[in-house]
Amino acid sequence: MIKIGILGCGKIAHRFVKGAFETSNSMIVACAARELERAQAFADLYQIYSVYGDYESLVNDPEVQAIYVATPPFMHEEHIRLCLNHNKHVISEKPFVSNSNVVKELFDLAKSKSLVLMEANKTVFTPTWVDIKRKIEENAIGDVLYAEGSYTYRFPTNEHWVFDKDKMGGGMFDVGVYPLTVALYLFGLKIKQMRKMKIVNSKGSDDLTHMLIQYPNQCLVSVKGGIGIETDNHFTLYGTEGKIRCPRFSKSNYYFIERYGSPEETVKLEFNSEFAFEIEHFSKCIEEGLIESPIMSEEMSITIVDLINEESYE
């Protein structure tokens, strides 16, 4: 049983803890926020018995084996380093860090200490996407020629760090990372080329980015991420013999498959928290003594951030 501490008690941390309750190999034993009262209120909700009003106390807790970093993205690098330097395994919320050089430095630090470091992207660990990937590998819809994934929404105000390009703000970093990670999970990291277009807001970040990726086998993948405009959020795959579509794909427990000429079928997967599976995977990596996740690997995190940061790629 891997004992996990929570660094940062914001909204996303509540969902992570609820997911941990559904795992067989993880338990939450501590939490920390910059105000003790906030950490205590969080702990009281989930019966967490070790509570800290600063992050240094959390990383010095000898019972804590691993830490979930749930602070805003522009703070991730500092907090990941803090955890690794105190010999804690780390799973850090997406978007991971600002650029691939930092990714490499952090993974080098983790490996030097035989610690697991993993970027959290819950979507690719859910039974929904494990099953869809299996269907693709079995050629259930033939050869996939085109796919499109979109995650956009309208942020209620522009007075927030999510619009600050110097704080990892913008549509691709905030939510475009979800369809991008699914694309890389399904089709791999060997990309022939990438092109993008974007709508930039008055704060200098992207209200909407449309990225087009082509693989060596000619398969095209369209990825959209945005915080200034709301479109349909989905991931759809088009093959030579059928298609698969997954509405609300980042946390959906169902999808639709249509084999051309036959009625569309609904595939339903039974689960509660979409966070449980990434936590179970992370803890299993620690238990098995792995250096990194074979799914959310260093190379995966490097490819994600490079594609987000670069205007074109080949």
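To keep things clear, this report deals only with the structure shown in the data block. Since the model is a prediction, treat every value here as computed from it, not as a measurement. (Residues numbered from 1 in each chain as written. Predicted model: local features only at pLDDT ≥ 70, side-chain atom pairs only at ≥ 80, totals over all residues. Heavy atoms only, no water.)

1. Quick look at the packing of aromatic side chains
As a reminder, the rule being used: Here a pair means two rings of Phe, Tyr or Trp (six-membered ring of Trp) with centres within 6.5 Å. Their orientation is stacked below 30 degrees between planes, edge-to-face above 60, and tilted elsewhere. Each helix is a run of DSSP H or I of at least 4 residues and each strand a run of E of at least 2, with the numbering of both proceeding from the N terminus. Between buried and exposed lies partly exposed: a residue is buried under 20% and exposed over 50% of the maximum accessible area for its type, with that area taken using a 1.4 Å probe on protein chains only. Look at NZ for Lys and CZ for Arg. If either is within 6 Å of the ring centre and within 35 degrees of the ring normal, a charge sits over the ring.
What the rule picks out here adds up to 15 aromatic pairs. With a centroid separation of 3.6 Å and 5 degrees between ring planes, the pair formed by Phe-16 and Tyr-68 is classed as stacked. Here Phe-16 is found in helix H1 (residues 11-20), whereas its partner Tyr-68 is found in strand S4 (residues 66-69), with 52 residues between them in sequence. For the residue pair Phe-16 and Tyr-68, the accessibility class agrees, reading buried in each case. Three or more aromatic residues joined by ring pairs make a cluster, and in this case those are Trp-129, Tyr-151, Tyr-178, Phe-235 and Phe-249. The side chain of Lys-133 reaches across the aromatic face of Tyr-185, ending 4.8 Å from its centre. In this arrangement the basic side chain of Lys-167 is found over the ring face of Phe-74, its NZ or CZ atom lying 4.9 Å from the centre.

2. So, a nonpolar patch on the surface
In plain terms, the rule: Any residue with relative accessible area above 30% and no salt bridge may belong to a patch, with like charges joined within 9 Å and the nonpolar Val, Leu, Ile, Met, Phe, Trp and Tyr side chains within 5 Å. The method behind every accessible area is Shrake-Rupley, applied with a 1.4 Å probe, and residues are considered shielded solely by the protein chains displayed. Here, a salt bridge means any Lys or Arg side-chain nitrogen found within 4 Å of an Asp or Glu carboxyl oxygen.
On the surface, Met-1, Met-27 and Tyr-49 cluster together to form a nonpolar patch covering roughly 320 Å² of accessible area. Its place among the elements puts Met-1 in the segment before strand S1 (2-7).

3. Points about the nonpolar core
What counts here: The criterion is simple. A nonpolar core is a set of buried Ala, Val, Leu, Ile, Met, Phe, Trp, Tyr and Cys residues joined through side-chain atoms within 4.5 Å. We call two residues contacting when some pair of their heavy atoms lies within 4.5 Å.
With 101 residues, the main nonpolar core has Trp-129, Leu-180 and Leu-237 as its most contacted residues. A per-element tally of this core places helix H7 (residues 171-187) first, with 12 residues. Residues within four places of Leu-180 in sequence aside, it is in contact with Met-172, Met-211, Ile-213, Val-223, Ile-304, Leu-307 and Ile-308.

4. A short note on the side chain of Lys-135
Here Lys-135 lies in helix H6 (residues 127-137). In this structure Lys-135 comes out as buried when scored by relative accessible area, which is 13%. Excluding residues that lie within four positions of it along the chain, Lys-135 makes contacts with Ala-140, Ile-244, Tyr-255, Ile-257 and Arg-259.

5. Examining the pattern of salt bridges
Applying the stated rule across the entire model yields 15 salt bridges. In this structure, Arg-134 and Glu-138 form a salt bridge, with 3.2 Å as the shortest nitrogen-oxygen distance. You can call Arg-134 partly exposed: its relative accessible area is 36%. Across the pair Lys-198 and Glu-311 runs a salt bridge, and its minimum N-O distance is 3.2 Å. Of this pair, Lys-198 sits in strand S8 (residues 193-200) while Glu-311 sits in the loop between helix H9 (298-309) and strand S15 (312-313), and the two are 113 residues apart along the sequence. For Lys-198, a relative accessible area of 36% gives the class partly exposed.

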